[in-house]
Every structure is written in C-alpha cells, then in structure tokens.
Amino acid sequence: MESDRLKKAREYEAAHGTQITEEERPVYHVTPTVGWLNDPNGFSYFDGQYHLFYQYNPYSTHWDSMHWGHLVSEDMLNWKRLPAVLAPDTWYDNFGVFSGSALTAPDGRHLLIYTGVEVTGEARGEGVPCRQTQCLAFGDGMNYVKYENNPVITPEMLPEGYSEEDFRDPKIWYEEKEGVYYSIIGASTEENDGAVVLFRSPDLYNWEYVSTLDKGGNEYGYMWECPDLFRLGDTDFIPILPMKMVAKGNEFHAGNNAAYLAGIYDRETHTFTRKAIRSIDYGIDFYAPQSTVTPDGRRVMTAWMQTPETMHRTPPGVKWFGQLTIPRELSEKDGLLIQRPIREIEAYRKDPVYYDDVYVKECTRLTGVEGRSLDLTVRVKPAGDTLYQKFTIKVAEDEEFCTSITYDPADSMLYFDRTYSGFMHYIISERKAHVRYRGGEIRLRLMIDRFSVEIFVNDGEQVMSNTIYTRQSADGISFEAVGGAAVIDVEKYTIEK
Ligand code: FRU
C-alpha cells in the first residue's frame, strides 16, 4: 500500500528527524520533522484530535519534491510527529503533492484533497510546464490511500480563459443545509489575473464548476494561491495570496502578499461582493494561512511563517527550515479580521511577572522581563500631557544583537527591525504597519519563541509575524522613550512545554 517513494521518505525522516534536539527547535511553534516545511495543509479535527499536515521536503532544507508531513495534537500546541502521509508517486502528482485541506468523509474516513502537479514538458527558465489538478486521498489518521480515479477536478472543468498551470490549493467544506461539498480553489486567467473559483460536489467524487467568486482586475497579482472562505459576524472573509504584486501604500508590499477579501458571499447565487481588501499580517514572514473550526466552534488559523521571497535563505547549519505561526483565534470587528493567539497557550505560561505604571524615558530593563520563549504584553501610554516621539522595545538583545519594535504616534506607524537578528543573508529586515491611533496608547502582545517574534497589536487588530535567527543567549529586553516619556504596564510569562 505504501509506495516506494513514501516508504523512502518515512525511513529518511525516522532516521534523521530524531537527530534534531528539542533545543534546536522553537518551543511552541511547528517545524518539519527534518528538512523543509512550507504551507500548513489539511488542518482539521478528526477522530478526537487535531491533525495538521504540511508541505514537506524531508531530504533537504530547500523547497523540492513536495510531500505531506503530519502532526497530531490535543491542543494545537503540543504536537506529536507522525510519519509523512503523501509522496509524489503517481503520474498526476509526479512533480509534487501540493497544498490542500481535509474533512471527515460520510463513511467516517479522513479525507484529504490536494493539488497534484504533473510535469507536461521540458523545464524552461525557472519554470516547468505543468498541469495542476485536484485529487483525493482517504485515511484513518495515520495512513492514506490516493483515490483510484484521481484527479477529480481538472482545469478542463474551468470556464474558458483559465490557466492549467496555476490552478491549486483546494479548501473544502460541507454545507450541511444543502448536503453539498464545496471547494474554493486558487486560479489565474490567461490575462494573468488572480482569481478564486468555486466548485461543488454531492458526493466528493463528482465535481462541477459553480462560479468565480472574485478576481483581482490585474491589480492584485497574477495568481491567487491558497484561498479559504469563512463567515465571522456578518462578514465573509476570503484569504488569498496575490502573487507578484507591486507595493500599494502602507497596505501591500512588493512581491507575494497574504491578503483577505472582506464582503458578502451570497450562498444562493454563489456570488461574492467585495467591500475591502487588506493585508492579513504586516510582518515579514507570513504566507499560506489555513483555517479550521474547533469542536467548540472557534475559527482557528495557522500559516507558514516565511515567504517565497526568503525560500533560499536557509541559515547555515540548520537541519530544519520553515515554521508555522502560532494558531490564532479569528473574530470580526468593524469588518476587520481580528487575530489572537489561541487560548490554549495559557496552559503553558510559567513565571508570571507584572509591572504597572512604570515611567520610561531612557533605556530601561525590568527585573524578570527577559527570555526567548515568552508571552509578553506591553501597554504603552503617554506620561502626562506631552506625547513621546518614539517608543522602542528591544528583544533578543545582547551587546551585539537586538530586534526592535518602534511606535511613532505622530503618524501612528509601528516599525519592526531585524537588521541585528543574526541573519547572514541580505534579506528584508524592516517592515512597517499603520495602526489605529489611540491617543498615543498602544498595546503590543509579543509571542516570542527562539526563532520568531509575532506582534499582536491592539488586541489582534493587526499582527506582524517575523522570524529571527539571533543566538539564543541574546535574551535581553529593554524599553526606551525618545522625545518625551511614556508609562508602561507589562505582563510577562515564560512559555514552557
Ligand atoms: C504556497 C504554495 C501553494 C502550493 C505550495 C507548493 O506557498 O505555492 O500554492 O500548493 O506552496 O509547495
């Protein structure tokens, strides 16, 4: 049942994965068993636990020959590694088993739907001519078998004018009232416009095209990868990855972005009316999010904490490359997508340290506020009537290194800078986000974990996710106000597993 390629991958990860010590990995963020990880896939609750798969190349720390790696967990934080489940071992996925999603099939089996990529010609330039189709695999939570009549969705089923090379990443769900399965899929038109298309099936095996939910009008990249669709409050959200965009104001940077469309999806006509398009995350490292629903009804999303731009910037000596973000609970406020770290993290909080109303002007360190695996909330307020000009928090700090987060209330911009965070490659080190002005107050919750800093701004209104590779001994934290003073409240927990 297990193909040679899957057997080989499983043997390889069993032999090499165990050679990576826990100290070489983040404390509470997902990394591959060994080698390379990109998108989270098949995030689902099946048979009493969470399952999370990921785009995986066990053999090196670079993107190549995509497999699906596998993890299970009771709480989405403490993950147990299971053997890889899918390898590129058939004619229709010989180039790679690309991203997809999961749900429980009516007969109780775990269903995976993924993109099979088939090579159709000789490699030219950077690309390989290919055909992308949507395929099924069924399993018991450990072993999965590809459906014998794969692929079930092919580019020929799209209306005229769509590319067969960019048609991928099916996100599946079951519409209970209708008794119908739906899948939203990323697409690209022959005019190089990103789009999301909707397919449906009564039985998982027979699919038909329903509608094109939205297109970028050539303003938002040539292809939209990894779409999702869910309702929160009165708003329907469609996360997408617009590829190769030009920068737009403070909202979108040049290159590949992670965005969401906010609007109304009419479930009768299958049309989507877009009201807004925004960034999902304003940090340097965020791509390919995927959501699931927990048994208690929360919409939770995780993502690849990296981007295609830094794919080949593997730090020297590492045995794994690629992390997922902390899973985030999603909600809606004023049409915005609000993200907060899942509440399960609270069970891992140790050594609480609290400070109230600390007056900060020159560089200040607080006893007990340091470390590289933290849940740290800092509330910054103006001191008296005059507003400070800048407030900076430095983390992962020693005499040589630091990662800094600076708030400038005059234009309400938040700056992230990882110039001194241990990178040996010339990569993007700075990002900024325009945040809502609140009279010079800002609340920052920093989830720090050895190789990353995720910044949740003003209770999750915005997030900035970033990787760092500073040596672990750099664990200092300091606060400083320039051009005035600030008063801060601090709540710090060490995260331990
Ligand atoms: C997004 C993506 C997906 C694709 C996968 C391949 O990062 O490009 O569109 O399915 O990665 O690894």
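Residues numbered from 1 in each chain as written. Predicted model: local features only at pLDDT ≥ 70, side-chain atom pairs only at ≥ 80, totals over all residues. Heavy atoms only, no water.

Colleague: Got a minute to help me understand the sheet that holds strand β12 (residues 208–215) in this structure?
Modeller: Note on sheets: strands pair through backbone hydrogen bonds, and any given pair is parallel or antiparallel. The four strands are arranged β9-β10-β11-β12 in an open sheet whose pairing can be described as antiparallel. Edge strands, defined here as strands with exactly one partner in the open sheet, are β9 (162–175) and β12. In this sheet, adjacent strand axes meet at a mean angle of 25° when their direction is disregarded. Both strand β11 (residues 194–201) and β12 contribute to a ladder of six bridges, which runs antiparallel. What sits directly across from V197, in β12, is T212. (Pairing = 2+ DSSP bridges. Helix = DSSP H or I, 4+ residues; strand = E, 2+ residues; numbered from the N terminus. Axes fitted to C-alpha atoms, helices over the stretch in contact; angles between N-to-C directions.)

Colleague: How should the domain arrangement of the chain be read in this particular structure?
Modeller: By a widespread convention, an interface's size corresponds to the accessible area lost as its parts come together. Assigned domains of the chain: these are domain 1 (4–344) and domain 2 (348–495). Distance from the C-alpha centre of domain 1 to the C-alpha centre of domain 2: 31 Å. Listed by partner, the interface residues are 40 residues for domain 1 and 38 residues for domain 2. Across the interface of domain 1 and domain 2, roughly 3,300 Å² is buried in total on both sides, 55% from carbon and sulfur atoms. On the domain 1 side of the interface with domain 2, the three residues burying the most area are Y28, Y282 and I284, jointly 22% of the side's total. At the surface where domain 1 touches domain 2, the tally comes to four salt bridges. Close ionic contact of R328 with E454 constitutes a salt bridge, the shortest N to O distance being 2.7 Å. Applying the counting criterion to the domain 1 and domain 2 interface returns 26 residue pairs in polar contact (both at pLDDT 80 or more). For the side of domain 1 that touches domain 2, the elements supplying multiple residues, two or more each, are β20 (320–321), β21 (328–333) and β22 (336–341). Here the side of domain 1 that touches domain 2 takes six residues from β22, the largest share from any one element. (Domains from an automatic or database assignment. Contact = heavy atoms within 4.5 Å. Buried area = accessible area lost by both parts, 1.4 Å probe. Salt bridge = Lys/Arg side-chain N within 4 Å of Asp/Glu carboxyl O. Polar contact = N/O pair within 3.5 Å; in protein donor to acceptor, adjacent residues only side chain to side chain.)

Colleague: Whenever I open this one, the packing of aromatic side chains confuses me. Can you help?
Modeller: Between two aromatic rings, the relevant description is the distance of the centres plus the angle of the planes. Counted by the stated rule, this structure contains 28 aromatic pairs. An angle of 65° between the planes, with centres 4.9 Å apart, marks the rings of Y12 and Y59 as edge-to-face. Taken as a pair, Y12 in helix α1 (residues 4–17) and Y59 in the loop between β2 (49–57) and β3 (67–73) lie far apart in primary sequence, 47 residues in all. The class for Y12 is partly exposed, based on a relative accessible area of 25%. Judged by relative accessible area, Y59 falls into the partly exposed class, the value being 26%. Each ring, one from Y388 and one from F391, has its centre 6.2 Å from the other, and the planes form 65°; the classification is edge-to-face. In this structure, Y388 and F391 share a single accessibility class: buried. One aromatic cluster is present, formed by W36, Y287, W304, W320, F321, F423, F451 and Y469 through successive ring pairs. Looking at K248, its charged tip hangs above the ring of Y220, at a distance of 5.1 Å from the centre. Over the aromatic face of Y493 sits the side chain of R349, whose NZ or CZ is 4.1 Å from the ring centroid. (Phe/Tyr/Trp six-rings, centres within 6.5 Å; stacked < 30°, edge-to-face > 60°. Buried < 20%, exposed > 50% of the residue type's maximum accessible area, 1.4 Å probe, protein only. Lys NZ or Arg CZ within 6 Å of the ring centre and 35° of its normal.)

Colleague: What exactly am I supposed to notice about the side chain of T307 here?
Modeller: Among the secondary structure elements, T307 is positioned in the loop between β19 (299–304) and β20. Its relative accessible area of 6% is what places T307 among the buried residues. If we ignore the near neighbours within four places in the chain, the residues touching T307 are I284, D285, F286 and Y287.

Colleague: How should I be thinking about the environment of F46 in this particular structure?
Modeller: Looking at where F46 falls in the secondary structure, it is placed in strand β1 (residues 35–46). Its relative accessible area of 5% is what places F46 among the buried residues. Sequence-wise, F46 and Y354 are 308 residues apart; in three dimensions their C-alpha atoms are separated by 39 Å. Ignoring anything within four residues of it in the chain, the contact list for F46 reads H51, T104, G108, R109, H110, G139, D140 and G141.

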